[in-house]
Amino acid sequence: MKILVINCGSSSLKFQLLDMNDESLVASGLVERIGLDGSRLVLKTSDGQKHTTEVPLPDHTAALKLTLDSLVKPEHRILGSLDEIGAVGHRIVHGGESYSSSVVIDEEVMAAIEEAADLAPLHNPPNILGVRAIQSVLPNVKNVAVFDTAFHQTMEPAAYIYALPYEYYEKYRVRRYGFHGTSHKFVFETAADFLGVPKESLRAITCHLGNGSSVTAIENGKSVDTTMGFTPLEGLPMGTRSGNFDPAIYSYIMQKENLTSEEMDKVLNKESGVLGVSGYSSDFRDLSEKANEGDKRSALALSLFHRSVKKVIGSFTALMGGVDCIIFTGGIGENSIEDRAEICKGLEFFGAKLDPEKNATRGKLAEISADDSKVKILVVPTNEELAIARDTLRLVNA
Ligand code: ADP
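Residues numbered from 1 in each chain as written. Predicted model: local features only at pLDDT ≥ 70, side-chain atom pairs only at ≥ 80, totals over all residues. Heavy atoms only, no water.

Colleague: Looking at this structure, I do not really get the site of the ligand. What am I missing?
Modeller: Not every one of the 13 residues close to the ligand is listed here, only the nearest: Asn211, Asp283, Phe284, Arg285 and Gly331. Take glycine 212: an N or O atom from its main chain is 3.4 Å from an oxygen atom of the ligand. At a separation of 3.2 Å, an oxygen atom of the ligand approaches a polar backbone atom of arginine 285. If the ligand stood free it would expose 580 Å²; the protein chains cover 70% of that surface. Going through the elements one at a time, helix H10 (284-292) and helix H12 (330-335) are the ones with two or more residues in the shell around the ligand. Among the elements that make up the shell around the ligand, the one with the highest residue count is H12 (four residues). Within the shell around the ligand, the residues separate by chemical class into two nonpolar, eight polar and three charged. (Near = heavy atom within 4 Å. Polar contact = N/O pair within 3.5 Å; in protein donor to acceptor, adjacent residues only side chain to side chain. Areas by Shrake-Rupley, 256 points an atom, 1.4 Å probe, with all protein chains shown as cover. Helix = DSSP H or I, 4+ residues; strand = E, 2+ residues; numbered from the N terminus. Nonpolar A, V, L, I, M, F, W, Y, C, P; charged D, E, K, R; others polar.)

Written out as structure tokens, the structure reads:
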């Protein structure tokens, strides 16, 4: 069966078409600037050819129609007809407290996703548009929702309740939800397979380090704690997001700089993180280059990131009473030899010892710990689309 995986943003639509007979990628692409000037589709076929179409696309339905037309265009040699698409998997950011696993979408599920839109106002509305667009263009195909929050629904209250008046949880559902769940689960399961150990007996810390970064503690195959919270702003400093800081700073800076709450939210989401500290870039490659040229603030941004990841690894190890495996994934985790080395420096005291030679690897599934390291350290490339396609296949076959 071929499965289409869709990830809709406010003005973008990313997709992958996978053949689940061998889990191979048939085609992928991106529609950009939906509803804006200069909208375009870039389609990539499995032989690496790129086809760009620039046409006005007023909404997500138009973007999806163009995507599907391009998949069946005879010269692209991707699909003979749209009937070959067996099901569609959707990345849905927020499932609220309703979903702890993926689910076939019906109107009840749509209502729950709409209800959770209050909690993820930037993400769930475009995700909903993606589902609606498929429903109108491919009315006979089943849709599956795969939630970013679902994997973390196993956390216990002590992990997800904030030390705020309890009625904020009851009235407004203010709690830790956690994100990147599809990725944390995928790399954890891949690691367990790779190590040949049952998931239930592997205590793991998964470090998803990219533009957005989060770390999760996994015990008995379940997420027991994670750094992102009510929103993806909490936890580690990221490309442009602040991560944790003293909450008193929020109102202090609003007063000093005469900012509205919207402006302050923008500062914390778009102008903070390693970009804010370095004043230079949100991209770790740029920062590393600049730091090597002697730029102190770029070096500072990187060291505070390393320190934060290290502190979380330490605290999650304490929480689980030990750790068997530390997993690196995401653009930085998969590719940055230097960042992994800095994060792991000093973890030898609890038996996590990196092998510098094995660590000299990028973008591949690999064990990078020393032979005498008690804790396995792995690089596991994430593949959220494949994880979504697997869940979709399982649910439509059920
Ligand atoms: P997103 O969260 O948007 O999916 P990615 O997971 O693609 O982001 O991660 C992007 C980050 O990964 C960028 O900061 C980029 O600099 C970093 N990155 C990608 N390749 C490398 C590399 N070879 N070395 C260091 N950092 C890298």
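Next comes the rest of the write-up.
Colleague: Sorry if this is basic, but what is going on with the side chain of aspartate 148 here?
Modeller: Among the structural elements, aspartate 148 can be located in the loop between strand S8 (142-147) and helix H4 (157-160). Apart from residues no more than four positions distant in its own chain, aspartate 148 is found in contact with Arg91, Ile92, Val93, Gly178, Phe179, His180, Gly181, Thr182 and Glu384. (Contact = heavy atoms within 4.5 Å.)

Colleague: Mind showing me how you'd approach the sheet that holds strand S7 (residues 103-104) here?
Modeller: Remark on secondary structure: sheet strands pair via backbone hydrogen bonds, oriented parallel or antiparallel. Read from one edge of the open sheet, eight strands run S5-S4-S3-S2-S1-S6-S8-S7, paired in mixed fashion. Both edges of this open sheet fall to strand S5 (50-54) and S7, since each of them pairs with a single strand only. In the sheet, strand S4 (residues 40-45) pairs with S5 via five bridges, with the strands oriented antiparallel. The residue bridging lysine 44 from the neighbouring strand is lysine 50, located in S5. (Pairing = 2+ DSSP bridges.)

Colleague: Looking at this structure, I do not really get the pattern of salt bridges. What am I missing?
Modeller: Pairs may arise between side chains of opposite charge once their charged atoms sit close together. Under the counting rule described, the total for this entry stands at 21 salt bridges. Here aspartate 225 makes a salt bridge to arginine 176, at a shortest N to O gap of 3.8 Å. Of the two residues, aspartate 225 sits in strand S11 (residues 222-226) while arginine 176 sits in the loop between helix H5 (166-172) and helix H6 (181-195), which places them 49 residues apart along the sequence. Judged by its relative accessible area of 15%, aspartate 225 falls in the buried class. Accessibility expressed as a relative area gives 11% for arginine 176, which makes it buried. The partner of aspartate 283 in a salt bridge is arginine 285, and the shortest N-O contact between them spans 3.3 Å. (Salt bridge = Lys/Arg side-chain N within 4 Å of Asp/Glu carboxyl O. Buried < 20%, exposed > 50% of the residue type's maximum accessible area, 1.4 Å probe, protein only.)

By themselves, these observations are geometric and do not establish any function.
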